[in-house]
There are 2 protein chains.
Amino acid sequence: MSARYYWEEGNGFDSATAILAGDEAHHLIRVMRAKPGDEFLLFDGKGFEYRARATEIGRGSVRLQVVETREICNDPEIELSAAVALPKGDRQKWLIEKLTELGVRRFIPLEVERADIKTDDGVLARLRRQVVEASKQCGRSRFMEILPPMPRREAAAACRKESDCEPLCMLAHPISDGEFGQWSFRDFLSRGFQDGRWTMAKHLFLAVGPVGGFSDREVREAVDDGWPILDLGKEVYRVETAAITAAALFLHLGD
Amino acid sequence: MSARYYWEEGNGFDSATAILAGDEAHHLIRVMRAKPGDEFLLFDGKGFEYRARATEIGRGSVRLQVVETREICNDPEIELSAAVALPKGDRQKWLIEKLTELGVRRFIPLEVERADIKTDDGVLARLRRQVVEASKQCGRSRFMEILPPMPRREAAAACRKESDCEPLCMLAHPISDGEFGQWSFRDFLSRGFQDGRWTMAKHLFLAVGPVGGFSDREVREAVDDGWPILDLGKEVYRVETAAITAAALFLHLGD
């Protein structure tokens, strides 16, 4: 795949003028040594790619003329909204990179009782930058959306509002004594995978708890709300492992 | 889960004497401030856990008396052998950590045409240390085995020899023009998941290529060997993402 440059203001129009600044311009000027007339591939993270020709190379910015606009539809068929209690440091970056690669539609830093981390605007901005970087790498054309931090019910309501499709809501929680009636991935398959197709909801909302897991009260509330509890098995997964595993499992059930 | 200490020489015997040195002893002495009579949980990475009582605290070692031995069987039902062209740096560490958490049985650094990295004894020793660390964290009782680097056919033969179970061998390769007859995960499900159970081989061998993928020749040779080509979808996954995704998918098909 050839390099793609992020054009924030792209909106799907043909024949527009694109002005890139910052890191994107730096790469074009210093690394690619762009000259007027050179062609590059831009994308806007909203599902459009642009073939564009450099017209003017400034000191820290590049002006390009769009010569072709293409709408790219490579979102997975399954729409996954992931609300995850953010892990710390590098694990956070990895989580976002992998969920972006896997094709998760939207991400919400989940507010939980055993909160580990404060999610302020700086953190959200960093998560969004990581989505841009990972998308460039893996070829995603529509960014994973980062919503502000919310507790479980509000997060599910926000995702319901943003989608055409009513979500099947789940809570990931490791096996305990079975009192919550956990479902394994196989249980989901047995119910939902019929005649070679996933026949349950095409929009899934998944909540993943912090280090130490959801509190009993949080799990019980989800059960009372009628949410199935997804049990990912005997090993104790780290937060990012649970989220990545569940995303891999459900996103690969679609076309 | 309470902390577990790695006892390399454990072999499933009761009433043995365990001597821990190095990092394990350091943690017991400096962090836990172990005193004679204190009880700790040891594990040997071969499937046994030991309740053991400290009898002597040395300067850099701790002697313990095993008071109870338990065999722990929490390997996934599906046996997965993963042969992966090692990525670099942090990505390598992440790959090993996640495959350990997911319960992969054995790992082989895959020798490929577009080799990215030299896997010497130092690298193998580091990978094994990472398996130990990740196993402590996630509660695995049997270590993911790290085999020496090998090309594809030799790796599959080595895994066949180590297992009671004939492996179904696959090569992960991103979609191209379909000339190799790729299978999606859904194709595997359609064929192998019947009446709520995985009915195909319980031992899977998966080869994952380097950055840039397997060469056409490598893919064609695998096809000629009768290996199905696993297509993980439209996005371009990084090496570690492909391996982790495939491991998540197949390991969750078992009990």
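All residue numbers refer to positions counted from 1 along the written sequence of the respective chain. The lettering of chains begins at A and the numbering of ligands begins at 1, in the order of writing. Only residues with pLDDT of 70 or above have their local features reported here, since the model is predicted, and side-chain atom pairs are shown and tallied only from 80 upward, although totals for entire chains, interfaces and linings are computed over all residues. Values shown for side chains rest on all heavy atoms present in the structure; no hydrogens or waters enter the calculation.

Quick look at the domain arrangement of chain A
Residue and element names in this part refer to chain A. What counts is decided by this rule: Start and end points for every domain follow an automatic or database-based domain assignment. Contacts are assigned to residue pairs that have any heavy atoms within 4.5 Å of one another. Buried area: the accessible area, evaluated with a 1.4 Å probe, that two parts lose upon being put together, summed over both parts. By convention in these notes, a salt bridge is any Lys or Arg side-chain nitrogen within 4 Å of a carboxyl oxygen on Asp or Glu. Here a polar contact is recorded for every N or O atom pair within 3.5 Å, except that within protein the pair must consist of a potential hydrogen donor and a potential acceptor, and residues adjacent in sequence are included only if both atoms are side-chain atoms. Each helix is a run of H or I in the DSSP string that is no shorter than four residues. Each strand is a run of E no shorter than two, and both are numbered from the N terminus. We call Asp, Glu, Lys and Arg charged. Ala, Val, Leu, Ile, Met, Phe, Trp, Tyr, Cys and Pro are nonpolar, and the rest, Gly among them, are polar.
Structurally, chain A comprises domain 1 (4-71) and domain 2 (79-251). The C-alpha centroid of domain 2 is placed 34 Å from the C-alpha centroid of domain 1. Contact with domain 1, which involves 10 residues of that partner, is made by 8 residues of domain 2. Counting the surface lost from both domain 1 and domain 2, the interface buries some 740 Å², and carbon and sulfur atoms represent 50% of this. Connecting domain 1 to domain 2 are 1 salt bridge. Across the pair Glu-24 and Lys-136 runs a salt bridge, and its minimum N-O distance is 2.4 Å. If you look at where domain 1 meets domain 2, you find 7 residue pairs in polar contact (both at pLDDT 80 or more). Elements with a contribution of two residues or more to the side of domain 1 that touches domain 2: strand 1 (4-6) and strand 4 (48-57). Looking at side-chain class alone, the side of domain 1 that touches domain 2 contains 3 nonpolar, 2 polar and 5 charged residues.

Quick notes on the packing of helix 2 (residues 89-102) of chain B against helix 3 (residues 121-138) of chain B
Residues and elements named next belong to chain B. Spelled out, the test is: Axis lines are fitted to C-alpha atoms, over the contacting stretch for helices. Their N-to-C directions set the angle, which ranges from 0 to 180 degrees. Roughly parallel refers to an angle under 35 degrees, roughly antiparallel to one over 145, roughly perpendicular to one between 65 and 115, and oblique to any angle outside these ranges. Note on convention: near helix rotated counterclockwise from far helix by under a right angle means a left-handed crossing. Clockwise means right-handed.
It is at 9 Å that the axes of helix 2 and helix 3 come closest, and there the two elements cross at 45 degrees. One element, helix 2, and the other, helix 3, form an angle in the oblique class. Classified by chirality, the crossing of helix 3 by helix 2 is right-handed. For the pair formed by helix 2 and helix 3, the contact residues are Gln-92, Lys-93, Ile-96, Glu-97, Thr-100 and Glu-101 on the first element and Val-123, Arg-126, Leu-127, Gln-130, Val-131, Ala-134, Ser-135 and Cys-138 on the second. Looking at the contact of helix 2 with helix 3, its residues break down into 6 nonpolar, 4 polar and 4 charged.

A word on the relation of the copies chain B and chain A
Rule in force here: The least-squares superposition of copies is restricted to C-alpha atoms, and to residues with a pLDDT of at least 70 in both copies.
With an RMSD of 0.0 Å, the operation that places chain B on chain A is a rotation of 180 degrees combined with a shift of 0.0 Å along the axis. Both copies of the chain, as the preceding transformation shows, are related through a two-fold rotation axis. For chain B, the residue whose C-alpha comes nearest the rotation axis is Leu-249 of chain B, separated from it by 2.8 Å. When the interface residues of chain B are mapped onto chain A, 100% of them again fall at the interface, so both copies present the same face.

Remarks on the interface of chain B and chain A
Facing the 38 residues of chain B at the interface are 38 residues of chain A. Across the chain B/chain A interface, buried area totals approximately 3600 Å², and carbon plus sulfur atoms make up 53% of it. Contact with chain A buries surface across chain B, with Trp-94, Arg-186 and His-252 of chain B losing the most and accounting together for 21% of the total. Between the two partners, chain B and chain A, sit 6 salt bridges. Where Arg-91 of chain A meets Glu-97 of chain B, a salt bridge forms, and the shortest distance between an N and an O atom there is 2.7 Å. Linking chain B with chain A are 22 residue pairs in polar contact (both at pLDDT 80 or more). Sort the elements by how many residues they give to the side of chain B that touches chain A and helix 2 of chain B lands first, with 7 residues. The residue inventory of the side of chain B that touches chain A, partitioned by class, reads 14 nonpolar, 9 polar and 15 charged.

Some remarks on the nonpolar core
Operational definition: Here, nonpolar core means buried Ala, Val, Leu, Ile, Met, Phe, Trp, Tyr and Cys residues that are tied together by side-chain atoms lying within 4.5 Å of each other. Burial here depends on accessible area, computed with a 1.4 Å probe over protein chains only, as a share of the maximum for the residue type. Under 20% is buried, over 50% is exposed, and the range in between is partly exposed.
Membership of the largest hydrophobic core comes to 94 residues, with the highest contact counts inside it found for Leu-99, Phe-107, Phe-250 and Leu-253 of chain A together with Leu-99, Phe-107 and Phe-250 of chain B. Not counting residues within four places of it along the chain, the set of residues in contact with Phe-107 of chain B comprises Ala-82, Val-84, Leu-86, Leu-95, Ile-96, Leu-99, Leu-127, Met-144, Glu-145, Ile-146 and Leu-147 of chain B.

A closer look at the sheet that holds strand 4 of chain A
All names here are of chain A. To keep it simple, the criterion reads: Strands are labelled as partners when DSSP assigns at least two bridges between them.
Strand order across the open sheet formed by 5 strands is 1-3-4-5-2, with mixed pairing between neighbours. Here the strands that pair on one side only, and so sit at the sheet edges, are strand 1 and strand 2 (17-20). Each adjacent strand pair in this sheet contributes to an overall mean axis angle of 45 degrees, direction not counted. Pairing of strand 4 with strand 5 (residues 62-71), which is carried by 9 bridges, proceeds in the antiparallel orientation. Bridged to Ile-57 within strand 5 is Val-62. Helix 1 (residues 22-31) rests against strand 1, strand 2, strand 3 (39-43), strand 4 and strand 5 of the sheet, and its axis sits at about 145 degrees to strand 1. Strands in contact with helix 3 (residues 121-138) are strand 1 and strand 3; relative to strand 1, the strand with the most contacts, it is inclined by about 160 degrees.

What about the pattern of salt bridges?
Applying the stated rule across the entire model yields 50 salt bridges over all chains. For Arg-51 of chain A, the salt bridge is made with Glu-68 of chain A, and the minimal N-O distance between the two is 2.9 Å. With Arg-51 of chain A in strand 4 and Glu-68 of chain A in strand 5, the pair connects residues that are 17 residues apart, well separated along the chain. With a relative accessible area of 33%, Glu-68 of chain A lands in the partly exposed category. We note a salt bridge from Glu-56 of chain A to Arg-63 of chain A, for which the minimum N-O separation is 3.5 Å. By relative accessible area, Arg-63 of chain A is classed as partly exposed at 36%. Taken together, the shared-partner salt bridges connect Arg-91, Arg-238 and Glu-240 of chain A together with Glu-97, Lys-98 and Glu-101 of chain B into one network.

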